[in-house]
Amino acid sequence: MGDGRVAVVTGASSGIGEATARELTARGWRCVLLARRADRLEAIATDIGAEWETCDVSDRAQVDDVAARILARYPSIALLVNNAGIPARGSFLDIDPERIERVTDVNYLGGVWCLRAFEPGLRAAAAAGGAHVVNLVSVAGTVAFAPAGAYSASKHAQLAFSRSAAALLRSTGIQVHAVLPGFVETEGFPQRTKLRSRLLRRWVIEADDVAKAIVKAVEKGKGEVTVPWFPYRLTSVAQAVVPGVFARLAGRAGYHRGE
Ligand SMILES: NC(=O)c1ccc[n+]([C@@H]2O[C@H](COP(=O)([O-])OP(=O)(O)OC[C@H]3O[C@@H](n4cnc5c(N)ncnc54)[C@H](OP(=O)(O)O)[C@@H]3O)[C@@H](O)[C@H]2O)c1
């Protein structure tokens, strides 16, 4: 339970971030919500009794400014959820080069800037009993999903960042968790309408399922969690053990046309 400890949740204006903020608040955490859309943040924060700040996590100066404001109010941050992220459907050859840069800046570097900026608050919480960082990666961080190649690459980078940070911070009392969801139906990722494969559409889960997995990872101290375990963990293993077979299957999957 949160016991009034402070959690910063990025990308909290919709989807998994919003569901996570709601779940954490219900369990006694004091949440500070970050994203770019002020109207959405204000409505959610008012509803659940949280605080909010606008911030583009890909902009290092904005992240440093917002972290300074939050740390001035709350010197101790017991949980940072690096959840803000965007899709990049399409192959490396199809999508705009700007989208390739953007998905890298938001999905991978955004979490790096947030960890660096909130580190003093996390260290203070660790000294007082413990602190956690949750990185919302994706099964796409373990498998090369060709129909969203740049997204997959951003998530591979984010997983490497998460694992490196976990090893780096292990001795400080700051636990770093990676949560790897499969397909989740959200505003930015409308999987049930975008995915071509009927089989893949059957495996789509809800944002609430991921929010519960995030809270469980923190409460039970789980380092890396795939949500749900079946069938997605098997795809990660298949990628590692039989990459040729996996590449043939992934090459056949894809999205309906459009962004
Ligand atoms: N849905 C899936 O199938 C799935 C599967 C695995 C992993 N994930 C990961 O889960 C995370 C959340 O995605 P979601 O599915 O919940 O999508 P979503 O509903 O579109 O939510 C994305 C959130 O990120 C915020 N955001 C986007 N760009 C941002 C930026 N530059 N700075 C700050 N906030 C930003 C958005 O808010 P604003 O637009 O207001 O900034 C929004 O709150 C992402 O990291 C995604 O990669 C999703």
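Residues numbered from 1 in each chain as written. Predicted model: local features only at pLDDT ≥ 70, side-chain atom pairs only at ≥ 80, totals over all residues. Heavy atoms only, no water.

Visitor: How should I be thinking about the site of the ligand in this particular structure?
Guide: The local shell around the ligand holds 32 residues, among which R36, Y151, V184, T186 and Q191 are the closest. The contact in question runs from an oxygen atom of the ligand to an N or O atom on the backbone of G15, over 3.5 Å. Measuring from an oxygen atom of the ligand, one finds a side-chain N or O atom of T186 at 2.7 Å. Burial of the ligand by the protein chains amounts to 96% of its free accessible area of 880 Å². When residues of the shell around the ligand are traced back to their parent elements, those giving at least two are helix 1 (15–26), helix 4 (97–127) and helix 5 (149–169). (Near = heavy atom within 4 Å. Polar contact = N/O pair within 3.5 Å; in protein donor to acceptor, adjacent residues only side chain to side chain. Areas by Shrake-Rupley, 256 points an atom, 1.4 Å probe, with all protein chains shown as cover. Helix = DSSP H or I, 4+ residues; strand = E, 2+ residues; numbered from the N terminus.)

Visitor: How should the packing of aromatic side chains be read in this particular structure?
Guide: In this structure the tally under the stated criterion is 4 aromatic pairs. Taking the centre distance of 6.3 Å and the plane angle of 65° together, the rings of F183 and Y232 count as edge-to-face. Of the two residues, F183 is situated in the loop between strand 6 (174–181) and strand 7 (184–185) and Y232 in helix 9 (residues 229–241); the sequence distance between them amounts to 49 residues. Overall, Y232 belongs to the buried group, its relative accessible area being 4%. When the centroid spacing of 6.4 Å and the interplanar angle of 70° are considered together, the rings of W203 and Y232 count as edge-to-face. (Phe/Tyr/Trp six-rings, centres within 6.5 Å; stacked < 30°, edge-to-face > 60°. Buried < 20%, exposed > 50% of the residue type's maximum accessible area, 1.4 Å probe, protein only.)

Visitor: Before we go on, may I ask you to explain the side chain of S152 in this structure?
Guide: By the element assignment, S152 lies in helix 5. Among the residues examined, S152 registers a relative accessible area of 2% and is labelled buried. Apart from the residues within four sequence positions on either side, S152 is in contact with A140, G141, V143, A144 and F145. (Contact = heavy atoms within 4.5 Å.)

Visitor: Teacher, can you tell me more about the pairing of strand 2 (residues 30–35) here?
Guide: Across a regular strand the side chains alternate sides, sitting on one face of the sheet and then on the other. Across the 6 residues of strand 2, 5 count as buried, placing the element largely inside the fold. Here 5 bridges tie strand 1 (residues 6–10) to strand 2, and the two strands are oriented parallel to one another. Bridge assignment links T10 to a residue of strand 2, and that residue is L34. With 4 bridges joining them, strand 2 and strand 3 (residues 51–54) adopt parallel strand pairing. Opposite A35, over in strand 3, you have T54 as the bridge partner. (Pairing = 2+ DSSP bridges.)

Visitor: It is not clear to me how the environment of R252 should be interpreted in this structure. Could you clarify?
Guide: Residue placement: R252 occurs in helix 10 (residues 243–252). For the pair R252 and A146, spaced 106 residues apart in the sequence, the C-alpha separation amounts to 9.1 Å.

Visitor: Would you explain the pattern of salt bridges in this entry?
Guide: Any two side chains of opposite charge can pair, so long as their charged atoms come close to each other. With the rule as written, the count across this model stands at 14 salt bridges. The partner of E23 in a salt bridge is R27, with the nearest N and O atoms 3.6 Å apart. In this structure E23 comes out as buried when scored by relative accessible area, which is 17%. Salt-bridge contacts for E219 lead to R27; the nearest nitrogen and oxygen are separated by 3.1 Å. In this pair, E219 is assigned in helix 8 (residues 207–220) and R27 in the loop between helix 1 and strand 2, connecting sequence segments 192 residues apart. The partly exposed category is assigned to E219, whose relative accessible area is 41%. Among the charged side chains, a network of salt bridges with common partners joins R30, E51, E53, R69 and R73. (Salt bridge = Lys/Arg side-chain N within 4 Å of Asp/Glu carboxyl O.)

Visitor: Just to check I follow, could you spell out the pairing of strand 4 (residues 79–82) for this structure?
Guide: Residue alternation in strand 4 divides its side chains into two sets, L79 and V81 and L80 and N82, and both sets are buried. Where strand 1 lies against strand 4, 3 bridges are found, and the strand directions are parallel. If you follow V9 over to strand 4, its bridge partner there is V81. Relative to strand 5 (residues 131–136), strand 4 is paired through 4 bridges, and the arrangement is parallel. Bridge assignment links L79 to a residue of strand 5, and that residue is H132. Of the crossover connections in this fold, the one passing from strand 4 over helix 4 to the parallel strand 5 is right-handed. (Right-handed = clockwise from strand over helix to strand, strands pointing away.)

Keep in mind these numbers describe shape, not what the thing actually does.
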